[in-house]
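Working through the structure, step by step
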Amino acid sequence: MITEKDKEFMREAIRLSMNSVQTGGGPFGAVIVKDGRIIAGTSNSVTLDNDPTAHAEVNCIRKACKALGTFDLSGCDIYTSCEPCPMCLGAIYWAHLDRIFYANNRKDAAEIDFDDDFIYEEIAKPLDGRKTPVIPILRNEALAVFTAWKEKADKIEY
């Protein structure tokens, strides 16, 4: 069930997205909410920061984690002005956010030239059938690191 508070939080994400458009960023905004209050709110800064990962959701996750002093955002919800792209969706799952609210959908984004369908299609392909070559190398040497991690007694799991 969508509440008036949910609409208020989404309106803030939309406001951040409009502010971003007006100040040179991309047309996306996001807020993260915990216990009925906004913990973090940001927008897309890909072009401002020269960082292709600086999507609103990723920026917001980073800001919320810093504010809460944790990498685990369980108990938090994200409100984003657009359905998350594959990268942001992955980040949302890694951050353990409880719920995702979005306004525009990915078809709306594609209509303004933010089309992520090719990434969804690439993920479904076998590695040797992808557009960008994916080349395995030095696996046996790298496995030593995984063994060290597996055997590490004092690791912080995430």
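See above for the structure.
To keep things clear, this report deals only with the structure shown in the data block. (Residues numbered from 1 in each chain as written. Predicted model: local features only at pLDDT ≥ 70, side-chain atom pairs only at ≥ 80, totals over all residues. Heavy atoms only, no water.)

Section: the sheet that holds strand β4 (residues 99-104)
Taken together, the four strands give an open sheet; going across it, the order is β2-β1-β3-β4, and neighbouring strands pair in mixed fashion. Whereas interior strands pair on both sides, the edge strands pair on one side only; in this sheet they are β2 (37-43) and β4. Here the average twist between neighbouring strands, direction ignored, is 15°. In this fold helix α3 (residues 56-68) packs onto β1 (29-34), β2 and β3 (76-82), with an angle of close to 140° to the strand it touches most, β2. (Pairing = 2+ DSSP bridges. Helix = DSSP H or I, 4+ residues; strand = E, 2+ residues; numbered from the N terminus. Axes fitted to C-alpha atoms, helices over the stretch in contact; angles between N-to-C directions. Contact = heavy atoms within 4.5 Å.)

Notes on the pairing of β2
If a strand is regular, its side chains alternate between the two faces of the sheet. As defined by bridge partners, β1 adjoins β2 across six bridges and the pair is classed as antiparallel. Of the residues in β2, the one forming a bridge with Val33 is Ile38. Between β1 and β2, which pair antiparallel in sequence order, lie two residues; one of them, Asp35, sits at a positive phi of approximately 50°.

Some remarks on helix α1 (residues 4-23)
Helix length check: α1, at 20 residues, gives a terminal C-alpha distance of 29 Å against a target of 28 Å (1.5 Å per residue), a fit within 8%. Buried within α1 we find Asp6, Phe9, Met10, Ala13, Leu16, Ser17 and Ser20. One face of α1 carries all of its buried residues, which in axial projection span an arc of 110°. For α1, exposure combined with an orientation more than 90 degrees from the buried face picks out Glu4, Arg11, Gln22 and Thr23. Structurally, the start of α1 carries an N-cap: the backbone nitrogen of Lys5 is 3.3 Å from a side-chain oxygen of Thr3. Positive backbone phi, approximately 105°, marks Gly24, located one or two places after α1. (Expected span 1.5 Å × (residues − 1). Buried < 20%, exposed > 50% of the residue type's maximum accessible area, 1.4 Å probe, protein only. Arc of directions from axis to C-beta. Polar contact = N/O pair within 3.5 Å; in protein donor to acceptor, adjacent residues only side chain to side chain.)

A few points about the pattern of salt bridges
Within the structure shown, the criterion is met by seven salt bridges. Between Arg15 and Glu12 there is a salt bridge, and its shortest N-O distance comes to 2.7 Å. Of this pair, Arg15 and Glu12 both sit in helix α1, three residues apart, which is roughly one turn of the helix. Given a relative accessible area of 23%, Glu12 falls into the partly exposed group. (Salt bridge = Lys/Arg side-chain N within 4 Å of Asp/Glu carboxyl O.)

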